[in-house]
Amino acid sequence: MQDAVMSREKLLRKLEPAGQQHLVRFWDELSPSEQARLGKQIAALDLDLFAQLKLQAGASTKSNESAGAHQAKWAAIAARALPPPAMKLDGSGVNFTKEEAIHCGEQALRANQVGMILVAGGLGTRLGCNEPKGMFPIGPLSGRPLFQVIIESLLAVRRRFGTPIPLYIMTSPATDDVTRAFLAKHNYFGLPAGDVRFFCQATMWAVDDRWEKILLSSKSELALAPDGHGGMLKAFENNGCLSDCEKRGLKYLFYGQIDNPLLQVCDPLLLGSHQLATSEMTTQVVRKRDPLEKVGVLAEVDGKVQVIEYSDLPEEHARQTLPDGSLKFWAGNLAVHVFDVALLKRATVSATALPFHIAHKKTPYINDLGEQIEPEKPNSFRFERFIFDLLAEANHALVVEADPAEAFAPVKNANSEKTDNPRLAKQAMMALHRRWLRTAGVKIGDDVPVEISPLFAGSPQELAAKVASGAIVREPTYYSPTGPVVRHPSPDS
Ligand code: UD1
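A. Looking closely at the overall build of the protein chain. Along its length, the protein chain carries 16 helices and 24 strands. Expressed along its principal axes, the backbone C-alpha trace of the protein chain runs to roughly 80 × 55 × 45 Å. Relative to its full complement of 493 residues, the protein chain shows a buried share of 53%. Taken as a whole, the protein chain presents about 22000 Å² of accessible surface, with 51% of it coming from carbon and sulfur. Taken as two groups, the 55 positive and 57 negative side-chain charges of the protein chain have centres that lie 2 Å from each other.

Next comes the structure, spelled out in structure tokens:
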């Protein structure tokens, strides 16, 4: 029985060599269930990794010095980086045409070779909601949550090409239970349950910024946080998703984030370009609208395509232009990728795949006196893996440009912020759907709110087959799966 809860002595034997015995300082004050929880967290602690990361960060380096070294490293990378080789919007930059790529992507879909990964481990904290971000209502007229918007796009592709694209949803410990319950309650918004698989990402601890103590968030819990969307790689394998892909004979995985309602789910152009360029990892980008836009940028560094995160790109490099006046780092990361299943399989066994990025952040913690401390400035290091670092593992990587008006409406911040907020995302959705209606021959003013479910029509061509050319739309209209209905927008649309 004692062993089931883990004895304090046994835990101390693990912690002492790494100088982390403070983690059981409050052991005798804890209830048996609290002891069990803390014991489990400590048992899962990888102290070799702790030692390795400590070494990597330079144990004796003070935090402000290491921040300087970090900036210098990225300034040097940015200085020798080149714009990435890319298929541009006009189709230039590759030795095949857009039509050929679309055809090839459609064939892969019809041959049941494609699956989808959706990363949804984040809470909507920055949006002012404490639920999984996927539950945030984004349909400007329908109020459909992000999960529904994206799953309906997937359903539409499945129907169009008659293929059972399985959906692998990454959750985090904070979103797992609620996400599963929410999607089950809504019958997976129409997807067969057998084609939906959840996998929960792992967590990482935080350490004080002298690299001495791993932090406790309470007397019975480590200060844990999700290990970044790069945690997907291990979690995908550990939860049996990779072997599920192999069982189903999938060759390609389309990857997207939950926070983009304009996500072009399983886009045949992207899938086909990936194949025709014999790429192992392909990334969709948009031309940055502003040099300081908060998107990572794709670049070629020492012959390899990689992402330089916006927070790492020094401002003078972000503003740098080419002789024709255009931005050097033009290619903004949409966080939309296509992976070869074979690349994921190879990378899960490669020790070098996906390094940890170390961030200096504020982490509330319990001090040695048992007091709760709310730091006013960054006091700790935290660790995340980024999936885009997998580009370095790919034998060949491709960048494909998309039109931001068709592919990117990030939902990151509350409406009180100027950028990437739900109001702008809803406006972008409505503007796109008005354009589709006009292409289909419908007359509609710029002030008329519209929204189209992909289960009604997923493109201007599908729309043209369903609406009367020459018709005039004057009322706010939601083209629901069963047909158009008059609906008024939510107040913030
Ligand atoms: C991210 C990209 C940035 C890109 C932008 C496009 C990173 C580090 N940066 O920025 O290059 O231009 O998106 O929108 O990714 N998530 C998890 N688990 C985690 C962390 C994140 O599932 O541990 C999911 C979140 O639910 C979210 C997405 O990944 O949907 C993006 O994460 P976030 O931290 O919001 O990245 P950004 O800073 O917005």
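B. Spotlight on helix α2 (residues 8-15). Restricting attention to buried positions, one finds in α2 the residues L11, L12 and L15. Take α2 and look down its axis: the buried residues cluster within an arc of 105°, on one side only. Residues of α2 that are buried in the fold lie against α3 (32-44) and α4 (47-57).

C. Here's a closer look at the pattern of salt bridges. Per the stated rule, a full pass over the model turns up 23 salt bridges. Notably, a salt bridge pairs R25 with D368, separated by 3.6 Å at the nearest N-O pair. Placement of the pair is R25 in the loop between α2 and α3 and D368 in the loop between β16 (365-366) and β17 (372-373), with a sequence separation of 343 residues. Exposure remark for R25: the relative accessible area of 43% places this residue in the partly exposed category. A salt bridge links D368 to K213, with the nearest nitrogen and oxygen atoms 2.7 Å apart. With D368 in the loop between β16 and β17 and K213 in the loop between β6 (207-208) and β7 (216-218), this residue pair connects regions lying 155 residues apart in the sequence.

D. How the structure looks around the site of the ligand. Taken together, the neighbourhood of the ligand is formed by 22 residues, with G121, Q201, H229, N333 and K412 sitting nearest. Q201 has a polar side-chain atom sitting 2.7 Å from a nitrogen atom of the ligand. Take Y310: an N or O atom from its side chain is 2.9 Å from an oxygen atom of the ligand. Summarising the interface, the protein chains cover 89% of the accessible area of the ligand, which totals 740 Å² for the free molecule. Considering only residue class, the shell around the ligand consists of 10 nonpolar, 8 polar and 4 charged.

E. Up close: the sheet that holds strand β21 (residues 450-452). With mixed pairing, the 3 strands of this open sheet are ordered in space as β21-β23-β24. Each end of this open sheet is capped by a strand with a single partner; those strands are β21 and β24 (483-486). When the angles between neighbouring strand axes are averaged without regard to direction, this sheet yields 15°. For strand β23 (residues 477-480) and β24, the ladder comprises 4 bridges, and the chain directions are antiparallel. From the neighbouring strand, Y478 faces β24, where its bridge partner is V485. Sitting on the sheet, helix α15 (residues 422-439) is in contact with β21 and β23, with an inclination near 80° to β21.

F. The arrangement of the environment of L127 in detail. Its place among the elements puts L127 in the loop between β2 (114-119) and α7 (146-161). Sequence separation of L127 and R435 is 308 residues, and the distance between their C-alpha atoms is 28 Å. L127 has contacts with K133, F136, V411, K412, N413, A414 and P422, leaving out every residue within four places of it along the chain.

G. Spotlight on unusual backbone geometry. Even without being a glycine, N112 presents a positive backbone phi close to 55°. Summarising the element assignment, N112 is placed in the loop between α6 (98-110) and β2. Accessibility expressed as a relative area gives 33% for N112, which makes it partly exposed.

H. Just helix α11 (residues 268-276), in detail. The buried fraction of α11 is high, at 8 of 9 residues. For α11, every residue scored as buried is listed here: P268, L269, L270, L271, G272, S273, H274 and Q275. Positive phi shows up at T278, right after α11, with a value of about 45°.

I. Spotlight on the pairing of strand β14 (residues 331-340). Where burial is concerned, most of β14 is hidden: 10 out of the 10 residues are buried. Here β14 shows a buried face lined by A331, N333, A335, H337 and F339 and a second buried face lined by G332, L334, V336, V338 and D340. By the bridge criterion, 4 bridges tie strand β10 (residues 252-257) to β14 in an arrangement that is antiparallel. Considered in β14, the bridge of Y252 is made with D340. Where strand β11 (residues 281-287) meets β14, 7 bridges bridge the pair, whose relative direction is antiparallel. Of the residues in β14, the one forming a bridge with Q284 is V336.

J. Structural view of the side chain of H22. Inspection of the secondary structure puts H22 in the loop between α2 and α3. The buried category is assigned to H22, whose relative accessible area is 9%. A polar contact of 2.7 Å, which involves the side chain of H22, links it to the backbone oxygen of I214. Excluding residues that lie within four positions of it along the chain, H22 makes contacts with K213, I214, L216 and D368.

K. Spatial organisation of the sheet that holds β6. The strand order β6-β18-β15 describes an open sheet built from 3 strands, whose pairing is antiparallel. The sheet is open, and its two edges are formed by β6 and β15 (356-361), each paired on a single side. Strand direction decides the pairing type here: β15 and strand β18 (residues 380-385), joined by 6 bridges, are antiparallel. Looking at the pairing, H360 lines up with F381 of β18. Lying on the sheet, α4 is in contact with β6, β15 and β18; it crosses β15 at an angle near 75°.

L. Focus on the pairing of strand β3 (residues 167-171). Burial analysis of β3 places 5 of its 5 residues in the buried class, which makes it a mostly covered element. Across the two faces of β3 the burial is the same, with L167, I169 and T171 and Y168 and M170 all buried. Two elements, β2 and β3, share 4 bridges in a ladder whose sense is parallel. Among the inter-strand pairings, I117 is bridged to a residue of β3, identified as Y168. In the classification by handedness, the crossover that spans β2, the intervening α7 and the parallel β3 is right-handed. On the question of chirality, the crossover connecting β3 to the parallel strand β4 (residues 196-200) by way of helix α8 (residues 176-185) is right-handed.

What counts, and where the lines are drawn
Residues numbered from 1 in each chain as written. Predicted model: local features only at pLDDT ≥ 70, side-chain atom pairs only at ≥ 80, totals over all residues. Heavy atoms only, no water. Helix = DSSP H or I, 4+ residues; strand = E, 2+ residues; numbered from the N terminus. Buried < 20%, exposed > 50% of the residue type's maximum accessible area, 1.4 Å probe, protein only. Areas by Shrake-Rupley, 256 points an atom, 1.4 Å probe, with all protein chains shown as cover. Lys, Arg positive; Asp, Glu negative; His and termini not counted. Charge placed at Lys NZ, Arg CZ, Asp CG, Glu CD. Arc of directions from axis to C-beta. Contact = heavy atoms within 4.5 Å. Salt bridge = Lys/Arg side-chain N within 4 Å of Asp/Glu carboxyl O. Near = heavy atom within 4 Å. Polar contact = N/O pair within 3.5 Å; in protein donor to acceptor, adjacent residues only side chain to side chain. Nonpolar A, V, L, I, M, F, W, Y, C, P; charged D, E, K, R; others polar. Pairing = 2+ DSSP bridges. Axes fitted to C-alpha atoms, helices over the stretch in contact; angles between N-to-C directions. Right-handed = clockwise from strand over helix to strand, strands pointing away.

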